[in-house]
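Spelled out from the first residue to the last, the chains are:
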Amino acid sequence: MYYPQQSPGIPHKLANHHDSNPWRLPMLPGQQSSVGPPPPSPGYALYTNGAIQHHPAHHPLQHPPLQHHHQNSMSHYPSPPNQHTHQQHLLAAQGSPASATPVVTPQWQNQLMKCEMVRASRSPFHRARASAMASRTVAKSAIPITNPNLIKPPPTPEQSNGNVSDGSPEASPVNGNGTVVSQRPSTPGPLVEASRPTAIKPPENTWTSLDMGGVNIKNLPPTSGLFHFTFLINLYLNHNSLQSVPPEISKLRHLELLDLSANGLSSLPPELGMLTQLKELYLFDNHLTTIPPQFGSLHQLQTLGIEGNPLDQMLKSIVQKDGTRALISYLRDNCPVDFDPPERVWKSLITPQEQEVLSKDPNVETCSIMCYNILCERCATEKIYGYTPSWALAWSYRKQRILEEILKYDLDFICLQEMDIAQYEDFFTPSLAQHGYEGAFWPKARYKNVKDADKRLVDGCATFFKADKYKLVEKHLLEFSAMAMQRQDFKKTDDMFNRVLGKDHLAVICLLENKITGTRFIVANTHIHWDAAYRDVKLVQVALLVEEVEKIAHHFSKYPPPAPSGYAPTTPSVSETPSVNGVDDALEANSPLAASPDEASSSSNMQSPLSQSQPPTPAPNHRPPPIYTDGSKIPLIICGDFNSFIHSGVYEFLNNGSVPPTHEDFMSHTYGRYTSEGPRHKLGLKSAYSGPGAPGDLLITNHTPGFRGHIDYVWYSAANMAVNKVLSEIDRTYLDKVVGFPNPHFPSDHVAIAAEFRIKPPRETAPPRQPPNRLPHRRIFQDPKELGIRSAKALTTPYFFSPSHSLYYMQTEGFLLYYLSFLISFYRPLLYTILFV
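Criteria and cut-off values
Residues numbered from 1 in each chain as written. Predicted model: local features only at pLDDT ≥ 70, side-chain atom pairs only at ≥ 80, totals over all residues. Heavy atoms only, no water. Helix = DSSP H or I, 4+ residues; strand = E, 2+ residues; numbered from the N terminus. Buried < 20%, exposed > 50% of the residue type's maximum accessible area, 1.4 Å probe, protein only. Contact = heavy atoms within 4.5 Å. Salt bridge = Lys/Arg side-chain N within 4 Å of Asp/Glu carboxyl O. Core = buried A, V, L, I, M, F, W, Y, C linked by side-chain atoms within 4.5 Å. Axes fitted to C-alpha atoms, helices over the stretch in contact; angles between N-to-C directions. Parallel < 35°, antiparallel > 145°, perpendicular 65-115°, else oblique. Pairing = 2+ DSSP bridges. Phe/Tyr/Trp six-rings, centres within 6.5 Å; stacked < 30°, edge-to-face > 60°. Lys NZ or Arg CZ within 6 Å of the ring centre and 35° of its normal. pLDDT = per-residue confidence, 0-100. Bend = angle between axes of the 7 residues up to and from the residue. Polar contact = N/O pair within 3.5 Å; in protein donor to acceptor, adjacent residues only side chain to side chain.

1. Observations concerning the overall build of the protein chain
Here is step 1 of the chain: Looking only at helices and strands, the protein chain features 22 helices and 24 strands.
Here is step 2 of the chain: Within the protein chain, buried positions represent 51% of all 837 residues.
Here is step 3 of the chain: Taking as baseline every contact in the protein chain between residues at least 6 positions apart, the subset at least 24 positions apart corresponds to 71%.

2. Examining the pattern of salt bridges
If charged atoms from side chains of opposite charge come close, those side chains can pair.
Here is step 1 of the chain: Scanning the entire structure with this criterion turns up 29 salt bridges.
Here is step 2 of the chain: Across the salt bridge formed by Glu307 and Lys316, the nearest N and O atoms sit 3.5 Å from each other. There is no split in this pair, since Glu307 and Lys316 are both buried.
Here is step 3 of the chain: Here Glu356 and Lys360 are joined by a salt bridge, their closest N and O atoms 3.2 Å apart. A residue pair is termed a helical-turn pair when its members lie 3 or 4 positions apart in one helix, as Glu356 and Lys360 do in helix α7 (residues 352–360) at four residues.
Here is step 4 of the chain: Residue Glu356 is classed as partly exposed on the basis of its relative accessible area of 44%.
Here is step 5 of the chain: Given the relative accessible area of 60%, Lys360 is considered exposed.
Here is step 6 of the chain: A network of salt bridges, in which partner residues are shared, links Glu343, Arg344, Glu405 and Lys408.

3. Focus on the nonpolar core
Here is step 1 of the chain: One finds Phe464 and Phe757 to be the most contacted residues of the largest nonpolar core, which totals 60 residues.
Here is step 2 of the chain: Dropping the residues within four chain positions of it, Phe757 is found in contact with Glu365, Thr366, Cys367, Ile369, Ile637, Ala688, Val714, Tyr716, Met721, Ala722, Val723 and Asn724.
Here is step 3 of the chain: Core analysis: the second largest hydrophobic core is formed by 44 residues, Met496, Val540, Tyr651 and Tyr671 among them.

4. Description of the packing of helix α2 (residues 106–119) against helix α5 (residues 313–322)
The description of two helices packed together rests on the angle between their axes and the distance between the axes.
Here is step 1 of the chain: As a packed pair, α2 and α5 sit with axes 5 Å apart at the nearest point and diverge in direction by 105°. As far as their axial angle goes, α5 and α2 are roughly perpendicular. Facing α2, whose interface residues are Gln107, Trp108 and Gln111, α5 presents Lys316, Val319, Gln320, Lys321 and Asp322.

5. Observations concerning the packing of α5 against helix α6 (residues 324–333)
Here is step 1 of the chain: Where α5 meets α6, the axes come as close as 7 Å, and the angle between the chain directions of the two elements is 140°. Relative to α6, α5 is oriented oblique. Here Met314, Leu315, Ile318, Val319 and Asp322 of α5 lie close against α6, whose contacting residues are Thr324, Ala326, Leu327 and Tyr330.

6. Considerations on the sheet that holds strand β7 (residues 303–305)
Backbone hydrogen bonds hold the strands of a sheet together, and the pairing may be parallel or antiparallel.
Here is step 1 of the chain: In spatial order, the strands read β3-β4-β5-β6-β7; together these five strands make up an open sheet with parallel pairing. Bordering the open sheet on either side are β3 (209–211) and β7, each of which pairs with just one other strand. In this sheet, neighbouring strand axes are inclined to one another by 5° on average, regardless of whether the strands run parallel or antiparallel.
Here is step 2 of the chain: Looking at chain direction, strand β4 (residues 234–236) and strand β5 (residues 257–259) are connected through three bridges and run parallel. Looking at the pairing, Tyr236 lines up with Asp259 of β5.

7. Things to note about the pairing of strand β11 (residues 437–443)
The side chains of a regular strand alternate between the sheet's two faces.
Here is step 1 of the chain: When you tally the buried positions in β11, you get seven out of seven residues, the bulk of the element.
Here is step 2 of the chain: Covered by surrounding structure in β11 are Tyr437, Gly439, Phe441 and Pro443 together with Glu438, Ala440 and Trp442, the residues of both alternating faces.
Here is step 3 of the chain: Where β11 lies against strand β12 (residues 459–466), seven bridges are found, and the strand directions are antiparallel. Its bridge partner being in β12, Phe441 is matched across the sheet by Ala462.

8. Here's the deal with the packing of aromatic side chains
Here is step 1 of the chain: Evaluated as defined, the whole model comprises 26 aromatic pairs.
Here is step 2 of the chain: With 5.5 Å between their ring centres and 80° between their planes, Phe490 and Tyr674 make a pair best called edge-to-face. Within this pair, whereas Phe490 is found in the loop between α12 (480–486) and α13 (494–500), its partner Tyr674 is found in helix α17 (residues 673–676), the two being separated by 184 residues in sequence. Taken as a pair, Phe490 and Tyr674 share a single burial class, namely buried.
Here is step 3 of the chain: A ring pair is formed by Phe741 and Phe746, whose centres lie 4.6 Å apart and whose planes are at 25°; its orientation type is stacked. Grouping residues by exposure puts Phe741 and Phe746 together as buried.
Here is step 4 of the chain: Site record: aromatic cluster; members linked through ring pairs are Phe339, Tyr734, Phe741 and Phe746.
Here is step 5 of the chain: Seen from the ring of Trp442, Lys475 lies directly overhead, with NZ or CZ sitting 4.9 Å from the centre.
Here is step 6 of the chain: Taking the ring centre of Tyr674 as reference, the NZ or CZ of Arg487 above it sits at 4.5 Å.

9. Some thoughts on the confidence of the model for the protein chain
Here is step 1 of the chain: Mean pLDDT for the protein chain: 75, with 64% of residues reaching 70 or above.
Here is step 2 of the chain: Residue range residues 156–194 is modelled with pLDDT below 50. Its contacts to residues more than four positions away, or to other chains, number 73 contacts.
Here is step 3 of the chain: Here residues 577–619 is a poorly scored stretch, pLDDT under 50, and it has 87 contacts once near neighbours within four places are set aside; other chains count.

10. Notes on the sheet that holds strand β24 (residues 753–759)
Here is step 1 of the chain: Strand order in this open sheet of seven strands is β8-β23-β24-β9-β10-β12-β11, and the pairing throughout is mixed. If you trace the sheet from one side to the other, it starts and ends with β8 (346–348) and β11, each paired once. Across the sheet, the axes of successive neighbouring strands diverge by a mean angle of 25°, strand direction being ignored.
Here is step 2 of the chain: Relative to β24, strand β23 (residues 721–727) is paired through five bridges, and the arrangement is antiparallel. When the sheet's bridge partners are listed, Val726 is paired in β24 with Ala755.
Here is step 3 of the chain: On the sheet, helix α9 (residues 395–407) packs against β9 (366–373), β10 (413–420) and β11 and is oriented at approximately 160° with respect to β9.

11. Structural notes on unusual backbone geometry
What you tend to see is this: most non-glycine residues have negative phi, and most peptide bonds are trans.
Here is step 1 of the chain: With an omega dihedral of 0°, the bond running from Phe741 to Pro742 counts as a cis peptide bond.
Here is step 2 of the chain: You can see Pro742 is positioned in the loop between α18 (732–735) and β24.
Here is step 3 of the chain: Phi is positive for His239, which is not a glycine, with a value near 55°.
Here is step 4 of the chain: Within the secondary structure, His239 sits in the loop between β4 and β5.
Here is step 5 of the chain: Relative accessible area serves as the criterion here: at 11%, His239 is assigned to the buried category.
Here is step 6 of the chain: Positive phi is not limited to glycine here, since Ser668 has a value of about 60°.

12. Digging into the side chain of Arg127
Here is step 1 of the chain: Structurally, Arg127 can be placed in helix α3 (residues 126–141).
Here is step 2 of the chain: Excluding residues that lie within four positions of it along the chain, Arg127 makes contacts with Val118, Ser121, Asp211, Tyr236, Asn238 and Asp259.

13. Some remarks on the pairing of strand β14 (residues 506–514)
Here is step 1 of the chain: With nine of nine residues buried, β14 lies mostly within the body of the structure.
Here is step 2 of the chain: Bridge analysis of strand β13 (residues 470–479) against β14 gives nine bridges, and the strand direction is antiparallel. Opposite Lys471, over in β14, you have Glu513 as the bridge partner.
Here is step 3 of the chain: Judged from the eight bridges that link them, β14 and strand β15 (residues 520–527) form a sheet pairing that is antiparallel. When the bridges of β15 are listed, Glu513 appears paired with Arg520.
Here is step 4 of the chain: The antiparallel pairing of β14 with β15 creates a hairpin that spans five residues between the two strands, and Gly518 there sits at a positive phi of about 80°.

14. With respect to helix α10 (residues 421–433)
Here is step 1 of the chain: The sharpest bend along α10 measures roughly 30° and falls at Phe427, with the proline Pro430 sitting one to four residues further on.
Here is step 2 of the chain: Of all 13 residues that make up α10, 10 are buried, and the element is covered over most of its length.
Here is step 3 of the chain: When we look at burial in α10, the residues that qualify are Ile421, Ala422, Gln423, Tyr424, Glu425, Phe427, Phe428, Thr429, Ser431 and Leu432.
Here is step 4 of the chain: Backbone nitrogen of Ala422 and a side-chain oxygen of the N-cap are separated by 3.3 Å at the start of α10; the cap is Asp420.

15. Here's the deal with the environment of Met212
Here is step 1 of the chain: Position of Met212 relative to the elements: it lies in the loop between β3 and β4.
Here is step 2 of the chain: Separated by 27 residues in the primary sequence, Met212 and His239 have C-alpha atoms spaced 9.1 Å apart.

Written out as structure tokens, the structure reads:
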């Protein structure tokens, strides 16, 4: 539309001004209207660093340029015209670009151009009509252009059946029901990954923009149905008569453009800072004097339209000189911490009567554990966590808060993920050692391939335990990619090389033993792949983990029981197994762990007081050490960051013990026996937060602006453990008021979860039935002291060749009697058959 000698922002309009948008850009059908600077207008002069530019088709003398000044603009930054100022000034007027020739920054010039564009959209539903007209025009004139020389490839069977693929590496053709019907290999993922959950997409809807501009709206009630349109991406409320905006607008979390220009707003609700997806926020021509500091969380904001407001001089100068991003950073780092979250408490899952009974039983044994992804320093960047104040994102601040969170609950086991080598050696090991903890740690395999300067930044998993209560018997490293390489049924599958092999996630398994009761524990600490596009890799990694845990538990059950209470063994208590599926390969000459505190702590265990000749100390009156007939009898805890929801295949597999080989999370990829028979296990695992009274699926363990969910778990063997209590979830009211973690209160994007368990002692094997005294030679089973054996229980317990026990028997009864007792116990079933059958 041609406007002779006048700006589009002047109130005088032609008769058909509402029929078209002079600045609209051509759009394809279904394309959203883009916000950008207007093209040169025949009758309006554009500003470029203080100089005047005119439309090339018109001579400057034919249309004398008109200069306008807004009443709230700074004198050296000219403002385009708006609906509040109709008086026209000459070029030589005070503050004009021609006379002052100021240097306008690109950021401010872009703001002025967008301001003029907004002022030109004063008519009712201006953008909606312009978009509709553009869609109709483009639809009629769009002509597809194809290459006539292009040779079309032959159609695949899936294409012949009408299936469509998006062409991405992860895409697989689907049928009409949404089921993947074919397999397409993808490229391996990068080793250096973001490790952050992706943003949640807005709810699907046929329309995502709503134009309510220029219709003289005076009030938006908090109960307005507008705030239920959570699928909106663009919302236009410009050129109305609004005096305030209700806080309920924060429900529209997927908004990317919000236009509140040309209203009567004198203040803004701080809740607008919750709209972290905003990229364009137009507040032109209002009565704003300040910007709420909560706007500092709008880390994706590209344009904050402030022209035409009596804004604080300092805030406006920041935008004029350095742009919107500089103002957002200033607000973010100077935003006050107004309120603290309610303290998390323990939530009991048993009745008060049961608690009283357990407290009076001296033989009840309990253990507690924490699982916590601490967000390593390398991943905590401003690019990913731009909503977090820089001082709260700094590692010097976060590490102290993490340590406080760990020590607050006085737990037996602490399982940490995303712990890098430097922080394990320099901070956490010495800090936790002061509180009686020892640890086991391994980094991801990538540390072998990076430069020496970057080795200490590689993260892994660390498990700490109370050294005065537990001793570390063994520790194992599981690298899932290496384990997959060793499987015969994986070697001929392309998916293993393309998808599993590029992920260097791991698990650290600790075999522990209570120094007093002799109860054994298996604690597995793992970190599973994060990307939702690799659901199959997550399921494979967890299946490999559980399969290896079953093998380790089986071998652990064959270890001889500890010496009687109060006896000090003479053998080392720690056996390090830095291996992958039994292959010893972790301690290399150039390994950064060669002289780490982890090794120092292990070597200190080798020479602990328990391994030295000291007089036995009296022990409390506990039941004898338990005897484990198989690995399923040993208490087992598997915890970590699984990056999987409750409805995922990972959760189904751990909770139910199996998944079908055709499970949708395999995504039609091929993984040997897992996709031909289906992975299975017999560990009887349950989630600590899934029992009656626990938060269940309401628990939030990861909270960011675009993601909120339960992805961290503590799994336990329900056959020999039961949950007493769990650490409560974070207050929901507090979660609704914060954009995401980390923040000043929570130093990681994950939330620590913890549980306390009571141990169910294994059922002791029934004593052998005493035979009748009819045959004299049967008295060997009635009076074992005649053979010099101290306890009849030795006849039913094979001790094998334990150095500690062999020394005990050789010192007391003699070498021959010890081996005689061993042979009798070993051939006991055969003797029963000969003597009594």
